[in-house]
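Observations on the three-dimensional arrangement
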Amino acid sequence: MSPYFSKRLKELQPYTPGEQPKGGRYIKLNTNESPYFPSRYAIDGIERDGLENLRLYSDTESSALCRAIADYYGISANCVLPTNGSDEALAFCFAAFCDCGAAFPDVTYGFYKVFAGLFGVEYSEIPLKYDFTVDVNNYLNLNKTVFLANPNAQTGINLPLAEIEKIVKANPLAVVVIDESYVDFGGESAVKLIGGYQNLVVVQTFSKSRSLAGARVGFAVACENLISGLKRVKYSFNPYNVNSISANLAAAAIKDRKYFDECTAKIRATRERLIKSLKQLNFNVLPSCANFVLAESAQIDGKQLYEKLKSRGILVRHFNDERINNFVRITVGTDGQTDALLKEIKEILK
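Residues numbered from 1 in each chain as written. Predicted model: local features only at pLDDT ≥ 70, side-chain atom pairs only at ≥ 80, totals over all residues. Heavy atoms only, no water.

**Focus: the nonpolar core**
Rule in force here: Throughout this description, the term nonpolar core refers to a set of buried Ala, Val, Leu, Ile, Met, Phe, Trp, Tyr and Cys residues connected via side-chain atoms within 4.5 Å. Only protein chains enter the accessibility calculation, which uses a 1.4 Å probe; a residue is then buried when its area is under 20% of its type maximum, exposed when over 50%, and partly exposed in between. In this description a helix means any DSSP run of H or I spanning at least four residues, a strand means any run of E spanning at least two, and both kinds are numbered starting from the N terminus.
With 54 residues, the main nonpolar core has Leu65, Leu148, Ile164, Leu200 and Phe206 as its most contacted residues. Listing elements by their share of this core, those giving two or more residues are α3 (63-73), β5 (145-149), α6 (161-169), β6 (176-179), β7 (200-205), β8 (218-222) and α8 (244-253). One finds Tyr36, Val114, Ala222 and Ile267 within the second-largest nonpolar core, a separate group that totals 40 residues.

**A few points about the layout of surface pockets**
Here is the rule we go by: Using a 1 Å grid laid over the protein atoms alone, points where a 1.4 Å probe fits but cannot get out form a cavity; open sets with protein on both sides within 12 Å along at least 5 of 7 lines form a pocket; any residue with an atom within 4 Å of a point counts as lining. Grid points are joined across faces, edges and corners, and a volume is the space filled by probe spheres set on the points.
Within this model, the largest pocket holds a volume of roughly 720 Å³. Thr16, Gly110, Arg317, Phe319 and Asp321 are the residues nearest the centre of the largest pocket, which is lined by 31 residues in total. If you list the elements that add at least two residues to the lining of the largest pocket, you get β3 (102-105), α5 (111-118) and α10 (302-311). Of all the elements, α5 adds the most residues to the lining of the largest pocket, at three residues. In this structure, the second largest pocket encloses a volume near 530 Å³. Lining of the second largest pocket is provided by 27 residues; of these, Tyr15, Thr31, Asp87, Tyr109 and Lys208 occupy positions nearest its centre. No other element matches the three residues that helix α4 (residues 85-97) contributes to the lining of the second largest pocket.

**Some thoughts on empty space enclosed by the protein**
Filter applied, for reference: All amino acids are sorted into three groups, where Ala, Val, Leu, Ile, Met, Phe, Trp, Tyr, Cys and Pro are nonpolar, Asp, Glu, Lys and Arg are charged, and the leftover types, Gly among them, are polar.
Within this structure, the stated rule accounts for one cavity of 30 Å³ or more. Considering only enclosed or pocket space, the largest cavity measures out at about 80 Å³ in volume. Around the largest cavity sit Ser39, Ser209, Arg210, Ser211, Ala253, Asp256, Tyr259, Phe260 and Cys263, which together line it. Per-element accounting of the lining of the largest cavity gives the leading share, three residues, to helix α9 (residues 257-280). The residue inventory of the lining of the largest cavity, partitioned by class, reads four nonpolar, three polar and two charged.

**Some words on the packing of α4 against helix α7 (residues 224-235)**
To keep things clear, this is the line we draw: Axis definition: a line fitted to C-alpha atoms, over the contacting stretch in the case of helices. Angles run 0 to 180 degrees between N-to-C directions. For classification purposes, angles smaller than 35 degrees are called roughly parallel, those larger than 145 roughly antiparallel, those between 65 and 115 roughly perpendicular, and all remaining angles oblique. Pairs of residues are marked as contacts when any of their non-hydrogen atoms sit within 4.5 Å.
Axis separation between α4 and α7 bottoms out at 9 Å; the angle between their running directions is 100°. One element, α4, and the other, α7, form an angle in the roughly perpendicular class. Here Phe92, Cys93, Ala95, Ala96 and Phe97 of α4 lie close against α7, whose contacting residues are Leu226, Gly229, Leu230, Val233 and Lys234. By residue class, the composition of the contact of α4 with α7 is eight nonpolar, one polar and one charged.

**Some thoughts on the environment of Gly214**
When you line up the elements, Gly214 lands in the loop between β7 and β8. Judged by relative accessible area, Gly214 falls into the exposed class, the value being 75%. With 32 residues separating them in the primary sequence, Gly214 and Ser246 have C-alpha atoms 9.0 Å apart.

**Section: helix α11 (residues 335-349)**
An α-helical segment advances 3.6 residues per turn. Residues three or four places apart therefore align on the same side. Under the convention used in this document: Multiply 1.5 Å by the residue count of a helix minus one, and that product is the helix's expected span. Picture the helix axis, draw a direction to every C-beta atom, and the arc is the one those directions span.
Between its first and last C-alpha, α11 extends 21 Å over 15 residues, near the 21 Å set by a 1.5 Å rise per residue. Listed as buried for α11 are Thr338, Leu341, Leu342, Glu344, Ile345, Ile348 and Leu349. Angularly, the buried residues of α11 cover 165° about the axis, an arc narrow enough to put them on a single face. At its buried positions, α11 is contacted by α9, β9 (283-285), β10 (292-297), α10, β11 (314-315) and β12 (327-331).

**Regarding the environment of Tyr112**
Going by this rule: Throughout this description, a polar contact denotes any pair of N or O atoms lying within 3.5 Å of each other; where both atoms belong to protein, one of them has to be capable of donating a hydrogen while the other can accept it, and for residues adjacent in sequence the pair is counted only when both atoms sit in side chains.
Locating Tyr112 in the fold gives a position in helix α5. Exposure remark for Tyr112: the relative accessible area of 0% places this residue in the buried category. Each C-alpha atom of the pair Tyr112 and Leu90 lies 8.1 Å from the other, and the pair is 22 residues apart in sequence. Not counting residues up to four positions away in its chain, the partners in contact with Tyr112 are Leu90, Phe94, Phe104, Phe147, Leu148, Ala149 and Asp179. A distance of 2.7 Å separates a polar atom in the side chain of Tyr112 from a polar atom in the side chain of Asp179.

**Considering the sheet that holds β12**
Which entries qualify depends on this criterion: A pair of strands is treated as paired once DSSP finds two or more bridges between them.
The three strands lie next to each other as β9-β10-β12, forming an open sheet whose pairing is antiparallel. Of all the strands in the sheet, the pair left with one neighbour each is β9 and β12. Pairs of neighbouring strands in the sheet enclose a mean axial angle of 35°, with direction left out of account. Pairing of β10 with β12, which is carried by five bridges, proceeds in the antiparallel orientation. By the bridge assignment for β12, Phe292 is matched with Thr331.

This is the structure:
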């Protein structure tokens, strides 16, 4: 480590992304990307004029994308902030709203702890229950900024909207941030609640359900006052945070509802088949409303299963977190990818 590096950040443990191998050697079921091509309507919308405008800076407000998101949810465009992936929206929330500290589950998206360290935010990790569900009572009257991934980022378990509202209502002096990266695969969005609460931020992404992980587009939805605070952070960091091509792709993709419905329906159907098949192989599989499943076998530990699958050309995700280190997280792929995965698991268990 360079002697010039910040002493405050010296002990920071960065987020570890999933493996991104090159060359197509693996069936890639480790980073919760969509297995389906992005909307053709969106891709075809990148015309020559749009490419010519790359010589210009992007629209700092991403106005067309704001309007498209607002139209989709039936809200004001002033309640929307497009960001460079949902991670940027989350980082802005940690920077803007966490003077009171933060709280989030002990098993959840690993970036929350990293952002807390990066921005010098004191935080509490609240244990999930034995069955990996959120105990809502632990989040009432906290007076800390609450970060909840819903469905949860590592478990896939969904908290009903009524329970989310209970948490928001019980913390009027602090912001509640609901991270909905996986909501389109079986959850119910809290966006419909923002009109009634001044302390709610909902964060979403185009990476998963709209097949645009490489475009890096996310967004935050909240009342105008909260969005104003997030914009103050954005304009103090990177005014041109969403590039022109990605903004155009995302604006068109959210309008292609038919293709979105088709892809998410296929993923949900494949997920249920995957869960059923794993259970027939005596796996413990957590109930998932996401585009992945978290599963463990009594016959082989999680790390060993991950390594054996990798040696056979299939990538899944293994975490060293104590509570889930016997599990593997498996992204829901195509039916063909799922068949290949199940075939290899059967061979390994033999």
